[in-house]
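# Overview (structure and organization)
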Amino acid sequence: MKVFISYRRDDSIIHSRLIHNELAARFGQGDVFMDIDDIDYGEDFARKINDRLDAADVVVAVIGPQWAGILQRRAHGDDYVRHELARSLAMGKRIVPVLIGNAAPPDAGLPPDLAGLRLLNCLRMEERSLKAHINELVESIRGGSFEDELRERNRLRLARWAGAALGLAMFFAAWLALLDFAGLDTRFASATMWLAQPGTHAPWSGEVLLVAIDEKTQEALGRPFDASWRREHAQLIERLSRAGARSIAFDIFIEREGKPEDDDALEAAITAAKATPVVFAVKRMEGNRPALLPRIAKVAAGGIACGGMKFDYARSMPLAVQRGQLLFPSLALGAFNGGGKVESLSEADRELRVRLVQDDRSPDVGFSSAETKRTVEAACEAIQRGDRIALQWFDPALLPQLRSPDRRVPYEQVLQAAGDAELAAFKDKIVVVGLTLAGRDVFTVPRAGDRWGVELHVEQVDALVRGDVIRPMGFGASIGLMLGLGLAGASMRHALRRRGWGVRVVAALGGIVACAALAVATYRIDHVLVNLPYAVAAFLLSWWLAAWLERRDER
């Protein structure tokens, strides 16, 4: 409620000041205007008066004993009080005349532009009952009694408490993932990613290279890919190490013995490449040890290579596996840290502490979520029932393409390079070697097409290099959001209690759209996923509860 006080300084400044102070205490200092307090030096006086008058809901016209006489004397000169009241009458503003002491009500002698004042009921304010008259004025401005106001305040307070309680309940529901039994959590997370897709582009660090084995590679080497390629792997490692590659990860399994001379060559090459650690893919475990040829396990590291799991639009990939006190890296994490140790896993911070072999540091690497494995998949036996998995989520819209020469190099091109100059692009790069053969190790990513497993590992390594992590909203932010939406739903429903059902429906739908827009913006800016179903539920349930409390109170 915005109030404009019209008064004459020569007639009623003391009473006007009292009225201003009392109304400001009830309605707020910024919503009650009085020119002597609210116009700064240097401001355009007339413009300020008109602006505040136009914004006012109620005009209080303070009329003292000399008010009419001053009006007549200034009939042909400047009279801002006349201007204020004439403008208010012309605009149809609600005017409350307040008579001070023995002041007479406006009579027939008023000029035509103020003639409407004669029809208004006046409130007389006398010294002996000043407080009571002030209360009458406040009630008149509000259009209701203090009892009604108190009742409305109690309703609003109750609605807000109810909304806050529901918001808190929705926070705990989100924390416990109560809706995930129906897949709603992951579906809404996927929907948020999909809605944030327009205008996005897939980022790329430039620090990862894919060395691909495809049909042309088989033609160049004169035989299909099999275990006999270990001698070629040895040559590849020797060349990439000499070129200064940061690490080499093979999305290839080395579990069984090959020809002795081939295994000798591979072991010797890995041993010689001291500055360039080598990691091999692991798809199963032998007890608590990665299933890797023992002689190779002595000189190289192993990383669990699983294609990941899809949930609706998005996909997740294992980043690390915890089994009791043991921690095993994924192939991507092994490529990133050079096969170094995973030192710790913090679910509270959603971070892994890893040891970087290349420079002996232990940075923290973020992950998206953690879950306990309930079943064993034939495609990835390395992860057993009961293992705790740190997962990395991926947005298909942000998966980079790996077909350009600066990201993908044919396997045979490395072997056939005439000299080190042709391999200069590999310096300080993380190199991932794998198959891109038709029908081999292919995964369908929703709305992103088919990807070879090695491409998913490369994309996972690149996200680690960039420090890009998709995460759910944190503890404190989630509490604040749910409480805020609970309060917003209850407060909006209370504010619209006297509006038609159509307005309320539109407002409720607007609240839902606002929740979705907030979730999309938060994900787009920070890659943080809002628990959208719980956020919408907090808003709508608090809206409904406020309406129910109102109906109950009216009965």
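Structural data are supplied above this passage.
Residues numbered from 1 in each chain as written. Predicted model: local features only at pLDDT ≥ 70, side-chain atom pairs only at ≥ 80, totals over all residues. Heavy atoms only, no water.

What follows concerns the overall build of the protein chain. Along the backbone of the protein chain there are 18 helices and 25 strands. Its C-alpha atoms give the protein chain a radius of gyration of 37 Å, clearly above 24 Å, the size a compact globule of 555 residues would have. With the principal axes as the frame, the protein chain shows a C-alpha extent of 120 × 55 × 40 Å. Every one of the 555 residues in the protein chain was classed for burial, and the buried ones make up 48%. Once local pairs closer than 6 in sequence are excluded, the contacts in the protein chain between residues at least 24 apart make up 71%. Here the protein chain displays about 26,500 Å² of accessible surface, and carbon together with sulfur accounts for 53% of that area. (Helix = DSSP H or I, 4+ residues; strand = E, 2+ residues; numbered from the N terminus. Rg over C-alpha atoms; globule rule 2.2 N^0.38 Å. Buried < 20%, exposed > 50% of the residue type's maximum accessible area, 1.4 Å probe, protein only. Contact = heavy atoms within 4.5 Å. Areas by Shrake-Rupley, 256 points an atom, 1.4 Å probe, with all protein chains shown as cover.)

Our next topic: the environment of Ala115. Mapped onto the secondary structure, Ala115 falls in the loop between β4 (94–100) and β5 (123–125). Put simply, Ala115 and Thr186 are 71 residues apart on the chain and 68 Å apart in space, counted from C-alpha to C-alpha.

Here the focus is unusual backbone geometry. With a phi close to 50 degrees, Arg350 is a non-glycine residue in the positive phi region. Turning to its location among the elements, Arg350 is positioned in the loop between β15 (342–346) and β16 (351–354). Judged by relative accessible area, Arg350 falls into the partly exposed class, the value being 22%. Phi is positive for Asp441, which is not a glycine, with a value near 55 degrees. Note that Asp441 resides in the loop between β21 (430–435) and β22 (442–445).

Another point: the packing of aromatic side chains. Counted under the stated rule, the structure contains 5 aromatic pairs. An angle of 45 degrees between the planes, with centres 5.7 Å apart, marks the rings of Trp229 and Tyr411 as tilted. With Trp229 in the loop between α9 (215–221) and α10 (230–242) and Tyr411 in helix α14 (residues 411–415), this residue pair connects regions lying 182 residues apart in the sequence. For the residue pair Trp229 and Tyr411, the accessibility class agrees, reading buried in each case. Ring centres 5.0 Å apart and planes at 15 degrees place the aromatic pair Phe250 and Phe280 in the stacked group. Here Phe280 lies in strand β8 (residues 278–282) and Phe250 lies in strand β7 (residues 247–253), a separation of 30 residues in the sequence. Using a relative accessible area of 0% as the deciding quantity, one classes Phe250 as buried. The exposure class assigned to Phe280 is buried, which follows from its relative accessible area of 0%. By way of ring pairs, the aromatic residues Phe225, Trp229 and Tyr411 are connected into one cluster. (Phe/Tyr/Trp six-rings, centres within 6.5 Å; stacked < 30°, edge-to-face > 60°.)

This part takes up the environment of Arg230. Here Arg230 is to be found in helix α10. With 114 residues separating them along the chain, Arg230 and Ser344 place their C-alpha atoms 34 Å apart. The contacts of Arg230, once residues within four sequence positions are left out, are Ile254, Glu255, Arg256, Glu257, Gly258, Asp262, Asp263, Leu266 and Leu293.

Another aspect to go through is the state of the cysteines. A complete count under the given rule lists 1 disulfide for this structure. Each disulfide pairs two cysteine sulfurs, and for Cys306 the partner residue is Cys380, the sulfurs being separated by 1.4 Å. With Cys306 in the loop between β11 (301–304) and β12 (309–311) and Cys380 in the loop between β18 (369–372) and β19 (388–394), the pair connects residues that are 74 residues apart, well separated along the chain. Like Cys380, Cys306 is buried. (Disulfide = S-S within 2.5 Å.)

For the pair helix α3 (residues 45–55) and helix α5 (residues 80–91), the least separation of the axes is 11 Å and the interaxial angle reads 35 degrees. Between α3 and α5 lies a crossing of right-handed hand. Of α5, the residues touching α3 (which contributes Phe45, Ala46, Ile49, Asn50, Leu53 and Asp54) are Tyr80, His83, Glu84, Arg87, Ser88 and Met91. In terms of residue class, the contact of α3 with α5 is made up of 6 nonpolar, 3 polar and 3 charged. (Axes fitted to C-alpha atoms, helices over the stretch in contact; angles between N-to-C directions. Left-handed = near helix turned anticlockwise from the far one by under 90°. Nonpolar A, V, L, I, M, F, W, Y, C, P; charged D, E, K, R; others polar.)

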